[in-house]
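Here is how the chains run, residue by residue.
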Amino acid sequence: MIDSDVSNQADLISAVRRRGALPQAPLAMPAQRLERPRRLSRWALLAMAIWGRPARAGR
Amino acid sequence: MGRRTSDAATVLTRTVALTASFVAGCAAFLLFLQFGAGDGLDPMDGIRAALIFASTFWLAWGAAQASAGLMSRPPRPATDAGPITTRTVVLVPVYNEDPVSTFARVAVMDAALQAAGAGDSIDFAVLSDTRNDQIAQREAHWFLRLLDETGGDGRIFYRRRADNRGRKAGNIEDFIKTSGAAYDFAVILDADSLMEAETILQMIRRMQADPQLGLLQSLPKIINAGSRFGRLMQFSASFYSPVFCRGLAMMQGRTGPFWGHNAIVRVQAFARSCGLPELRGAPPFGGHILSHDYVEAALLARAGWTVRVDDDLQGSYEEGPENIVDHAKRDRRWCQGNLQHSRLLLAPGLKPWSRFVFLQGILAYLSSLIWLSFLLASIVAPLFTPPVDYFPIDDWPFPVLPPSRAAEALGLAIGIVGLLFVPKLLILLDAALRGRTRGFGGVLRAAKSVVVELVQTSIAAPVFLMYQTRSVLQVVSGWDGGWPAQVRGDGRLSLGQAWAASHWIVTSGALGLALAWWLSPALLPWLLPVAGPMVLAPVIIAWSSRPARSDLFSTPEDASTSDLITAHHRMLGRWLGEDAPPSGTPAPMAVTHA
């Protein structure tokens, strides 16, 4: 039977965290390469040489 | 030497199957050109011949797979007869599912493993990506209920992600990055999956016996189907799929399939090889990889691991959609995922067969578009046909009628129908000779089920063709369908609901008939088996969603329901009868990592 004192949100979350937490045993999972690097065309390289690299968003 | 022998058998099977399919496609191509030459060849005849080549190749490929399955008996895989010496976790990713049913499955599987004496080496982890706060609240409540039921503290876990980045693949990746090092193997399930304890243990033993085995896929059987459509799919999965699966295993060899669930993976291999990147660009072709399972199988093979499907593993179950509309929704996601694989056909380092498997998955959906294009081209063909020259011979005063090519047309139609029907009839014959029909109600009832299945799928095929064609066109035009939550339940649809889902199919069928009547009246009898069901789509959809009443489509799972399935039903009944969570409790925030 579930205790009556887990009837509110905080108790529910706390109980789930306490009793159901995953074991801590990290394992790396690096992203795999699935696409070939994008090659710039000669025209794009020429445009960059003339006008410079396009500004990146957020700078 | 054993491995080299089986590699040789795989190469031989692939070669024979591909050659036979190519020959069948060429035969259809030439036969159609002969048919078209009757009134003079024109460019539309060339286009139609090319389309019939592609369609026939695809049908013949399916028939070749069935033939390989009928003619082969793969050797029994190696298994470790000793004790279980490894640690395994059973992963249950959920996304807005009904927690009562899902956690009841976890409870009965855990109880079965405990009874088998293997509970200490096998944990369970429910990985929630649920976005709906009310469902999440119920998940939390029923998880605690599950722990109380099973005494599972310390071996049954629950985690709800704060965001569902990467969807199911991201969900599993998140688990591996958090807890993967604690386990040797992971059994990956769906929310509606059920696996017998003995099956899980057998899969672990096979993984222990072959250190090169990266992933082992079982063939899940559909259970708990109630509607006419659901029972038909359940019967097909149980009766035909084992043979097709055997043929697939023969063709794929060590570069086998992963279907995303009811499979076991070697955690270290999966972690090192299967991290999925986001593809450049926006969905549907860019972004997160939707059909991650095929890609993960290809990546494991790329890294040198064996990926295998063992069709002899029993006790692996799943549930399926109960109506055509829910099936079409799920198929839409698969369509987008498969078409997205076109971005990976030239991915670096993949095995050639993995690339072919991607192409196969793409063709599985393009074939509907190819068939529809053939029908449309046939309707408008008379516009391109040159006028008949009744006096082709100089100085001959009498008219020369063009030769009838009805024999070629009929031959082509019989050949194509044969490719569809004959493999299934051969599977019936094989089942009767081997005694397998006993599990399907005996020879006569199995035969009746097969005949009715052939008729019903032939009638419904044009409806599926239209849904798949629409899916392909949506994806190609950039419409991201995402990953809608799976609909479970009895799935009954009213005629009104069926009309809402398929009125565009009715319109398409009626327009096709009208166009044919105007442009090519001779085509009408050939078009009726396709356009007729299209016009009747709402009736077909509504009727097939109703509960099944006959004794057709019996499966071995009906005849002797497993203890596990019975236990699940009992547990579900008991839990549903208990009090609901206290009302008025606000939805909990997402449980984040500690």
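Structure first, text after, so check above.
Here goes a summary of the coordinates provided. (Residues numbered from 1 in each chain as written. Chains lettered and ligands numbered in written order. Predicted model: local features only at pLDDT ≥ 70, side-chain atom pairs only at ≥ 80, totals over all residues. Heavy atoms only, no water.)

What to know about the overall build of chain B
In terms of regular secondary structure, chain B is built from 19 helices and ten strands. By the compact-globule yardstick of 25 Å for 594 residues, chain B fits well, its C-alpha radius of gyration being 26 Å. Here the C-alpha coordinates of chain B stretch approximately 100 × 65 × 55 Å along the principal axes. A separation threshold of at least 6 residues defines the contact pool for chain B, and within that pool the share at least 24 residues apart is 85%. A total of about 24,900 Å² of accessible surface is found on chain B, and carbon and sulfur atoms cover 64% of it. (Helix = DSSP H or I, 4+ residues; strand = E, 2+ residues; numbered from the N terminus. Rg over C-alpha atoms; globule rule 2.2 N^0.38 Å. Contact = heavy atoms within 4.5 Å. Areas by Shrake-Rupley, 256 points an atom, 1.4 Å probe, with all protein chains shown as cover.)

A look at helix 14 (residues 443–476) of chain B
The sharpest bend along helix 14 of chain B measures roughly 40° and falls at Ala461 of chain B, with the proline Pro462 of chain B sitting one to four residues further on. Positioned one or two residues after helix 14 of chain B, Gly478 of chain B has a phi angle of 95°, which is positive. (Bend = angle between axes of the 7 residues up to and from the residue.)

Section: the interface of chain A and chain B
Contact residues are listed per partner, giving 29 residues for chain A and 54 residues for chain B. When chain A packs against chain B, close to 3,700 Å² is buried across both sides, 62% of that on carbon and sulfur atoms. Its largest share of buried area at the contact with chain B, chain A owes to Arg19, Met29 and Leu34 of chain A, together 23% of the area lost on that side. Viewed at the interface, chain B and chain A are joined by three salt bridges. Of the charged contacts, one joins Asp148 of chain B and Arg19 of chain A as a salt bridge, the two residues approaching to 3.0 Å between their closest N and O atoms. Per-class residue counts for the side of chain A that touches chain B are 17 nonpolar, six polar and six charged. (Buried area = accessible area lost by both parts, 1.4 Å probe. Salt bridge = Lys/Arg side-chain N within 4 Å of Asp/Glu carboxyl O. Nonpolar A, V, L, I, M, F, W, Y, C, P; charged D, E, K, R; others polar.)

Notes on a nonpolar patch on the surface
Together, Leu495, Val535, Leu536, Val539 and Trp543 of chain B give the surface a local cluster of nonpolar side chains, amounting to about 440 Å² of exposed area. With respect to the helices and strands, Trp543 of chain B occurs in helix 17 (residues 537–545). (Patch = residues over 30% accessible without salt bridge, like charges linked within 9 Å, V, L, I, M, F, W, Y side chains within 5 Å.)

Side note on the pairing of strand 2 (residues 122–128) of chain B
All names here are of chain B. Burial of strand 2 is extensive: seven of the seven residues sit out of reach of the surface. Here strand 2 shows a buried face lined by Ile122, Phe124, Val126 and Ser128 and a second buried face lined by Asp123, Ala125 and Leu127. Bridge count between strand 1 (residues 88–94) and strand 2: seven bridges; the pairing is parallel. In the strand pairing of strand 2, Val90 is matched with Phe124. Traced from strand 1 through helix 3 (residues 99–115) to strand 2, the parallel crossover comes out right-handed. Two elements, strand 2 and strand 3 (residues 156–160), share five bridges in a ladder whose sense is parallel. Paired with Ser128 across the strands is Arg160, a residue of strand 3. Of the crossover connections in this fold, the one passing from strand 2 over helix 4 (residues 133–150) to the parallel strand 3 is right-handed. (Buried < 20%, exposed > 50% of the residue type's maximum accessible area, 1.4 Å probe, protein only. Pairing = 2+ DSSP bridges. Right-handed = clockwise from strand over helix to strand, strands pointing away.)

As for the packing of aromatic side chains
All names here are of chain B. For the structure on display, the rule yields 21 aromatic pairs over all chains. Measuring from centroid to centroid gives 6.5 Å for Phe103 and Tyr158, while their planes differ by 90°, and the two rings are edge-to-face. A residue pair is termed long-range when its members are at least 10 positions apart, and Phe103 in helix 3 and Tyr158 in strand 3 qualify at 55 residues. Across this residue pair, the class does not change: Phe103 and Tyr158 are buried. Within the aromatic cluster, the residues linked to one another by ring pairs are Phe235, Phe239, Tyr240, Phe440 and Phe553. (Phe/Tyr/Trp six-rings, centres within 6.5 Å; stacked < 30°, edge-to-face > 60°.)

So, unusual backbone geometry
All names here are of chain B. Following Pro283, the chain continues into Pro284 via a peptide bond in cis, with omega recorded as 10°. Mapped onto the elements of the fold, Pro284 is located in the loop between helix 9 (267–273) and helix 10 (292–302). Despite not being glycine, Asn96 shows a phi value in the positive range, around 55°. Within the element layout of this structure, Asn96 appears in the loop between strand 1 and helix 3. Its identity as a non-glycine residue notwithstanding, Asn262 has a phi of 55°, on the positive side. Note on placement: Asn262 falls in the loop between helix 8 (241–252) and strand 8 (263–266). For Asn262, a relative accessible area of 0% translates into the label buried.

As for the sheet that holds strand 10 (residues 316–318) of chain B
All names here are of chain B. Strand order in this open sheet of three strands is 5-10-7, and the pairing throughout is mixed. Across the chains shown, the open sheet's two edge strands, defined by having one partner strand only, are strand 5 (194–195) and strand 7 (221–222). Note: strand 7 against strand 10, two bridges, orientation parallel. Within strand 10, the residue paired with Ile222 across the bridge is Glu318.

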